[in-house]
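# An overview of the molecular structure
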Amino acid sequence: MATIVGVQFQKNGKIYNFDANDLEIRANDFVIVDTTHGIDIGQAVSGNREAAENDMKIPLKKVLRIATEKDLNISAENRKREREAYEICQKKIAEHKLDMKLVSVEYAFDNSKALFYFTANGRVDFRSLVKDLASVFKMRIELRQIGVRDEARMLGGLGPCGRPICCGSFLDEFQPVSIKMAKEQNLSLNPTKISGVCGRLMCCLKYEQDHYEQTRKIMPRLGKEVNTPDGCGIVSDLNIVKETVFVRISNGDSSEIKEYPLDKIEKTVPAHVSLQNDTQAPVKDEPPKDAAVQSRPETRISGESEIQDKPRSKKARSEKNAGAANSDKNREQQKKPGRNDAPRANRALGKPVMRENPKKVDNIANSTPGNDSKKESAANWAEAVRKAIDSMN
């Protein structure tokens, strides 16, 4: 167990934990602590408290001492210098014509540096401004750009509700806020009504969001039919805060909207769902209608043998696959012809026969290529034809 204390450096700023260092610190006491930016003065938000060492993520810095009267005077003097530096910096920004708005100035406790916080729409080249400020104040100068929410926290103000803004009074961290939260809470989507002084969505939209999400899960949806003490009706509106439901009940040609508490509303069950629940489950042990037909095993033809479709064992399945593979292999070998085998069509019909044209008898001897014996036979045949024609005349 370690003794820690919460310290706050700015008004309504973030709270940081420090090791109490065996000092008796009470709430609202000013202490001098060692930070990553050097020695600084802060105010204790709460007194000493015990915390487990496992809960602390990093080694905590220690509190050096409780602030003395001299330390408080130094801090008050720095506050005066900050106001003077604010006016000087505004004049320098106007001289350099920079599009930026100065928010506040913060001096370090040991006067080692000065921090200038500003806001701008985009990136700003302030290198020349830093040089002028360093020549005036003779110390280290840092310019930090912040958002509009941080600006509202530093400046403070009143919200639309009439109370001090949340970020300037008790919020130490900003929570993400979306327009979906305003829709679920049935708020007006007018930007002027749901925006804070910073121009962003109000942080208070986040406070009731968890309640709205949890309540909507147990409430009926709009347009659904529900049972009420006065009969069935359709949901027309919901009041999440009061947890009531507005139901439109029809009475002949007219209808009436009534408000009912959530505990008096019952959701209706669709007809098809109720029928499914009323029907009995089928009996698995009931015998089939045609036992003789269903008892026969299904078969299929593979080649010329009849094989059962579902073998009983792995060995039978392997034998069936091996037999089918062998039969397919033999069938392919039978179909595949050899190299020296002639085509089946040529073996059956023989060689094609070339026929001569009888109209070209006179030109056979001259046109037919070949050896001398062929030419003589052709000439003799032509001579015999001429003699036969002459004898007929």
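Let me begin by describing the structure that accompanies this report.

What counts as what
- Just so you know, the residues in each chain are numbered from 1, in the order the chain's sequence is written.
- Restriction of local features to residues with pLDDT of at least 70 applies here, the model being predicted, together with a cutoff of 80 or more for giving and counting side-chain atom pairs; totals for whole chains, interfaces and linings are based on all residues.
- Each side-chain value is derived from all of the structure's non-hydrogen atoms; neither hydrogens nor water enter the calculation.
- Secondary structure counts use DSSP, requiring at least four H or I residues in a row for a helix and at least two E residues in a row for a strand, with both numbered from the N terminus.
- Exposure categories follow from relative accessible area, calculated using a 1.4 Å probe and restricted to protein chains: below 20% of the type maximum is buried, above 50% is exposed, and the middle band is partly exposed.
- Residues are treated as being in contact if the distance between any of their heavy atoms lies within 4.5 Å.
- We get accessible surface area from the Shrake-Rupley algorithm with a probe of 1.4 Å; when it comes to residues, only the shown protein chains can shield them.
- Whenever Lys or Arg places a side-chain nitrogen within 4 Å of a carboxyl oxygen from Asp or Glu, that contact is recorded as a salt bridge.
- Two strands qualify as a pair provided DSSP detects at least 2 bridges between them.
- As used here, the term nonpolar core means buried Ala, Val, Leu, Ile, Met, Phe, Trp, Tyr and Cys residues forming a set that is joined through side-chain atoms within 4.5 Å.
- In this scheme Phe, Tyr and Trp rings, the latter by its six-membered ring, pair at centre separations within 6.5 Å, and the angle between planes marks the pair as stacked below 30 degrees, edge-to-face above 60, and tilted otherwise.
- A fitted line through C-alpha atoms represents every axis, and for helices the fit uses only the stretch in contact; the resulting angles, taken between N-to-C directions, go from 0 to 180 degrees.

## Some points on the overall build of the protein
Secondary structure assignment for the protein yields 12 helices and 16 strands. Expressed as a percentage of its 393 residues, the buried residues of the protein come to 25%. Within the protein, counting contacts between residues at least 6 apart in sequence, those at least 24 apart form 52% of the total. Counting every atom, the protein has about 29700 Å² of accessible surface; 50% of that belongs to carbon and sulfur.

## Focus on unusual backbone geometry
The phi dihedral of Asp-22 is positive, around 60°, even though this residue is not glycine. Counting through the fold element by element, Asp-22 comes out in the loop between strand E2 (15–19) and strand E3 (30–35). Exposure remark for Asp-22: the relative accessible area of 79% places this residue in the exposed category. Of note in this structure, Asn-28 is not a glycine but carries a positive phi near 75°.

## Section: the pattern of salt bridges
Scanning all chains against the criterion turns up 10 salt bridges. For Lys-101, the salt bridge goes to Glu-151, with nearest N and O atoms at 2.8 Å. Here Lys-101 is found in strand E7 (residues 101–107), whereas its partner Glu-151 is found in helix H3 (residues 148–155), with 50 residues between them in sequence. What makes Lys-101 partly exposed here is its relative accessible area of 46%. Where Lys-258 meets Asp-230, a salt bridge forms, and the shortest distance between an N and an O atom there is 3.0 Å.

## Observations concerning the sheet that holds strand E11 (residues 231–239)
Taken in spatial order, the 5 strands of this open sheet run E13-E12-E11-E10-E14, and their pairing is antiparallel. In the strand order of this sheet, the two ends are held by strand E13 (254–261) and strand E14 (266–267), each with one partner. In the sheet, strand E10 (residues 225–228) pairs with E14 via 2 bridges, with the strands oriented antiparallel. Paired with Asn-227 across the bridge in E14 is Glu-266.

## Thoughts on the pairing of E11
Where E10 meets E11, 4 bridges bridge the pair, whose relative direction is antiparallel. Counterpart to Val-226 in the pairing with E11 is Gly-233. Once E10 ends, the chain turns through 2 residues before running back antiparallel as E11. Judged from the 5 bridges that link them, E11 and strand E12 (residues 244–251) form a sheet pairing that is antiparallel. Paired with Asn-239 across the strands is Thr-244, a residue of E12.

## Some remarks on the nonpolar core
Counting residues in each nonpolar core, the largest one holds 17 residues, and the members touching the most others are Phe-116, Leu-133, Phe-137, Ile-141 and Leu-143. Put simply, the parts of the chain that give this core at least two residues each are helix H1 (69–96), E7, strand E8 (113–119), helix H2 (127–137) and strand E9 (140–145). Setting aside anything within four residues of it in sequence, one finds Phe-116 in contact with Ala-85, Cys-89, Leu-102, Ser-104, Val-105, Leu-133, Phe-137, Ile-141, Glu-142, Leu-143 and Arg-144. Judged by nonpolar contacts, the second largest core, of 12 residues, contains Met-219, Val-247, Ile-249 and Ile-265.

## Brief notes about the packing of aromatic side chains
Summed over the entire model, instances satisfying the criterion amount to 4 aromatic pairs. With centroids separated by 6.1 Å and ring planes inclined at 45°, the aromatic side chains of Phe-116 and Phe-137 adopt a geometry described as tilted. Of this pair, Phe-116 sits in strand E8 while Phe-137 is found in helix H2, placing the two residues 21 residues apart along the sequence. We classify Phe-116 as buried; its relative accessible area is 1%. One aromatic cluster in this structure is built from Phe-9, Tyr-16 and Phe-18.

## Comments concerning the side chain of Thr-119
Looking at the element boundaries, Thr-119 is found in strand E8. For Thr-119, the contacting residues outside a window of four places in its chain are Met-100, Lys-101, Val-103, Ile-146, Gly-147 and Glu-151.

## Things to note about the sheet that holds E8
With respect to topology, 3 strands assemble into an open sheet ordered E7-E8-E9, the strand pairing being mixed. The open sheet has two edge strands with one neighbour each: E7 and E9. On average, adjacent strands in this sheet sit at an angle of 20° to one another, irrespective of strand direction. By the bridge criterion, 6 bridges tie E7 to E8 in an arrangement that is antiparallel. From the neighbouring strand, Val-105 faces E8, where its bridge partner is Phe-116.

## Concerning the environment of Ala-114
Relative to the elements of secondary structure, Ala-114 occurs in strand E8. For the pair Ala-114 and Leu-143, spaced 29 residues apart in the sequence, the C-alpha separation amounts to 8.6 Å. Sequence-distant contacts of Ala-114, defined by excluding residues within four places in its chain, comprise Glu-106, Tyr-107, Met-139, Arg-140, Ile-141 and Glu-142.

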